[in-house]
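# Survey of secondary and tertiary structure
So you can see what is in the structure, the chains are spelled out below.
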Amino acid sequence: MKTWISLTALLIGFSILSCRPPEGCQVLPILGNRDIQGMDTLYPTIPDFTFMNQDSQWVDNETFAGKIYVVDFFFISCPTICPKVKKQMLRVYQAFAAEPRLVLLSHTIDVRHDTVPRLKAYAEGLGIATDRWHLVTGAEDDIYQIAGNYFSVAKKDPSVPGGFDHSGRLILIDEQRHVRSFCDGTDAESVDRFMKDIQCLLDEN
Amino acid sequence: MAACQQPYSQGKALYESACGSCHMTDGTGLAGLIPPLSGSDLIRTRPDLLPCIIQNGMEGKLLVNGQEYDQVMAPVTGINAVEMANILNYIQSEWGDPGLFYSPDRIQQILSTCGSGPVNLGNTGAE
C-alpha cells in the first residue's frame with residue numbers, strides 16, 4: 001500500500017515537473033523588420049529623441065545609456081486601459097526596485113492637459129523616483145511618431161472614450177536601442193512573462 | 001443564478017466594464033492616485049454618497065483609509081438605476097458591508113438629491 005502511494009506521488013510529481021517550461025533564458029530576438037544590405041543586417045533602432053520629465057529635466061537617449069528600459073504610452077484622464085497598464089508598470093517598478101540598470105519611461109499622449117506639474121503630481125501619487133521612472137511630455141508629433149518605433153499606436157481619435165487611441169503595450173528596449181520584448185500591459189500574466197524577459201536581458205549584459 | 005458565492009453576477013460584469021478599468025477588477029485601485037473600493041472605509045460609512053459619485057463624478061481632495069487622493073473621477077454614463085443598483089450591491093457584498101442593499105427605487109431617490117456637478121468632499125472621507 002505504502003509503495004503504491006509513494007509511486008503515485010512520484011508519478012504525479014513527475015508529470016507536474018515535466019509540464020513546466022524550461023528554466024533559464026533564451027536569447028531574446030531583436031524585434032522588427034530587418035534590412036539586409038550586402039553583408040550587413042540592419043535592425044530597427046529607436047531614433048534620437050528629446051522629451052521633458054516630471055522634474056522638468058530633459059530626457060533623451062543618453063538618459064538610458066548603459067541601461068535597458070521599459071516604455072509605455074498613456075494619459076492622465078484616460079478612462080479606459082491606462083490605470084490597469086500603470087498598475088502593471090508599478091509592478092515592474094517594484095519588482096526591479098533594486099536594479100538600477102532598468103529604467104521606466106512613460107509618454108503622455110495628451111500633451112495639452114498633461115503638463116509637467118500634472119505629471120509631477122501623478123508621479124507623487126504613484127510614489128516613484130524620477131531617476132527610475134520618467135513620465136515625459138514633448139512635442140505631440142514627436143510622441144506620436146516615436147510610438148511607431150516602439151510598435152505602439154498613439155493618436156487623437158474623438159470617437160474613442162477620452163479622445164485618444166492607443167495600445168496598452170509595455171515594450172522592452174536594450175542598450176543598443178533595439179526592441180527585445182513586449183507584452184499586453186492590461187494582462188498580469190502577460191506581464192509575468194515580460195518580467196522574466198527583463199531579467200534575462202539584464203543577465204545577458 | 002448559478003453561483004451562491006456571488007449573488008450579483010450581473011453587477012460583477014457591469015462593475016468590470018464600467019468601473020474595473022480604474023478601480024481594478026479586484027477593487028484595489030491604483031497607488032495614491034485611484035482609491036481602493038476593497039477595504040475602503042468610505043463605501044461602508046457613506047453608502048448614500050456612492051450613487052451621486054457614479055452619476056456626477058468626483059473632484060477635490062478625498063481621504064480613504066487615511067490616505068489622501070486628488071484625481072478627478074469622470075461621471076459614469078450610460079447606466080440606469082437598475083444597473084447601478086446591481087453594481088453597488090456587488091461592490092458592497094464583495095468589499096464593503098454585505099448587509100447594505102440598494103433597491104433601484106432607493107437609487108432613484110438618492111439620485112434625485114445629488115444636484116449637479118461633481119461630488120467634492122473637501123478633504124474629508126469616511127467620518
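Residues numbered from 1 in each chain as written. Chains lettered and ligands numbered in written order. Predicted model: local features only at pLDDT ≥ 70, side-chain atom pairs only at ≥ 80, totals over all residues.

## Digging into the packing of helix α1 (residues 9-18) of chain B against helix α5 (residues 81-95) of chain B
Residue and element names in this part refer to chain B.
- Two elements in contact, α1 and α5, have axes whose closest approach is 8 Å; the angle formed by their N-to-C orientations is 95°. Considering their axes alone, α1 and α5 lie roughly perpendicular with respect to each other. Residue-level contacts link Gln10, Gly11, Lys12, Leu14, Tyr15 and Ala18 of α1 to Glu83, Asn86, Ile87, Asn89, Tyr90 and Ile91 of α5. (Axes fitted to C-alpha atoms, helices over the stretch in contact; angles between N-to-C directions. Helix = DSSP H or I, 4+ residues; strand = E, 2+ residues; numbered from the N terminus. Parallel < 35°, antiparallel > 145°, perpendicular 65-115°, else oblique. Contact = placed C-beta atoms within 7 Å.)

## Some remarks on the sheet that holds strand β10 (residues 169-173) of chain A
All names here are of chain A.
- Taken in spatial order, the five strands make up an open sheet running β7-β6-β5-β10-β11, and their pairing is mixed. A strand with exactly one partner marks an edge of an open sheet, and here the two such strands are β7 (133-136) and β11 (179-184). Across the sheet, the axes of successive neighbouring strands diverge by a mean angle of 20°, strand direction being ignored. (Pairing = 2+ DSSP bridges.)

## Points about the interface of chain B and chain A
- Taken together, the nine residues of chain B in the interface contact 12 residues of chain A.
- Its residues placed into classes, the side of chain B that touches chain A shows seven nonpolar, two polar and no charged. (Nonpolar A, V, L, I, M, F, W, Y, C, P; charged D, E, K, R; others polar.)

## Considerations on the nonpolar core
- If you look at the biggest cluster of nonpolar residues, it comprises 75 residues, and the most contacted ones within it are Tyr69, Val70, Leu170, Ile171 and Leu172 of chain A.
- In this view, Tyr69 of chain A contacts Phe64, Leu102, Val103, Leu104, Leu105 and Ile173 of chain A; residues no more than four positions away in its chain are not counted. (Core = buried A, V, L, I, M, F, W, Y, C linked by C-beta atoms within 7 Å. Buried ≥ 20, exposed ≤ 12 C-beta atoms within 10 Å, placed from the backbone.)

## Details of the environment of Gly20 of chain B
- Within the secondary structure layout, Gly20 of chain B lies in helix α2 (residues 20-23).
- Residue contacts for Gly20 of chain B: discarding those within four places in its chain leaves Tyr15 and Thr25 of chain B.

## So, the environment of Leu42 of chain B
- With respect to the element layout, Leu42 of chain B can be found in helix α3 (residues 41-45).
- It is 13 Å that separates the C-alpha atoms of Leu42 of chain B and Leu100 of chain B, two residues lying 58 residues apart in sequence.

## Brief notes about the pairing of strand β5 (residues 68-74) of chain A
Residues and elements named next belong to chain A.
- Counting buried positions over the seven residues of β5 gives seven, a clear majority of the element.
- The two faces of β5 match: Ile68, Val70, Asp72 and Phe74 on one face and Tyr69, Val71 and Phe73 on the other face are all buried.
- As judged from the seven bridges shared by β5 and strand β6 (residues 102-108), these two strands associate in the parallel manner. Paired with Ile68 across the two strands is Leu102, which belongs to β6.
- One crossover worth recording links β5 to the parallel β6 by way of helix α2 (residues 82-95), and it is right-handed.
- Across three bridges, the pairing between β5 and β10 is antiparallel. Each bridged residue has a counterpart across the sheet, and for Val70 the counterpart in β10 is Leu172. (Right-handed = clockwise from strand over helix to strand, strands pointing away.)

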